[in-house]
Amino acid sequence: MTAVKGPRSPNPVDIHVGTRVRLRRQVMKMSQEKLGDQLGVTFQQVQKYERGSNRIGASRLWKISDVLNVPIGFFFDGLSDGIDHAEFGEDDQMPIVYDFINSSDGVALAKAVSQIKNKAVRRQILELARSLAKDAEKDDS
């Protein structure tokens, strides 16, 4: 069954970009108010950007990338050219991913792992997490 989206529902790409803005802002330990001040908007507007309910224009996204010290592409990481953008928000795993990324644990984990330069070590951490998740599923059975 496919969920029907209303005409005013946020676009999944806008939600993704907003989530990436929030992630980076939190990693930098910057408040919504401080980001808003640097962008010339209110913290409520930053909230709307982060939820995806208001789209971020190109020039504003450029300024956000400058303030948050990341390349523009950072906000689109995780989107692939081969996905059907109409179906993007309906992946069963996406709400789990966004909820985790938006949690304080998710931000802390992302920050810690991103500081590990060795790709093999990052991959080992991923495999450890997968293994622990499988063990937890077995314990729940």
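Cut-offs and rules
- Residues numbered from 1 in each chain as written.
- Predicted model: local features only at pLDDT ≥ 70, side-chain atom pairs only at ≥ 80, totals over all residues.
- Heavy atoms only, no water.
- Helix = DSSP H or I, 4+ residues; strand = E, 2+ residues; numbered from the N terminus.
- Buried < 20%, exposed > 50% of the residue type's maximum accessible area, 1.4 Å probe, protein only.
- Polar contact = N/O pair within 3.5 Å; in protein donor to acceptor, adjacent residues only side chain to side chain.
- Contact = heavy atoms within 4.5 Å.
- Axes fitted to C-alpha atoms, helices over the stretch in contact; angles between N-to-C directions.
- Parallel < 35°, antiparallel > 145°, perpendicular 65-115°, else oblique.
- Nonpolar A, V, L, I, M, F, W, Y, C, P; charged D, E, K, R; others polar.

Enquirer: I'd like a description of the side chain of Thr19, backed by residues and values.
Expert: Following the sequence through the fold, Thr19 ends up in helix H1 (residues 12-27). For Thr19, a relative accessible area of 4% corresponds to the buried category. One polar contact links the side chain of Thr19 to the main-chain carbonyl oxygen of Ile15, over a distance of 2.9 Å.

Enquirer: Provide a residue-level description of the side chain of Arg20, including the pertinent values.
Expert: Tracing the sequence through the fold places Arg20 in helix H1. Setting aside residues up to four positions removed in sequence, Arg20 forms contacts with Phe74, Phe75 and Asp77.

Enquirer: Break down the packing of helix H2 (residues 32-39) against helix H3 (residues 43-51) for me, with residues and values.
Expert: Taken N-terminus to C-terminus, the directions of H2 and H3 make an angle of 100°; their axes are 8 Å apart at the nearest point. Compared by their axis directions, H2 and H3 come out roughly perpendicular. Residue-level contacts link Gln32, Glu33, Leu35 and Gly36 of H2 to Phe43, Val46, Gln47 and Glu50 of H3. Considering only residue class, the contact of H2 with H3 consists of three nonpolar, three polar and two charged.

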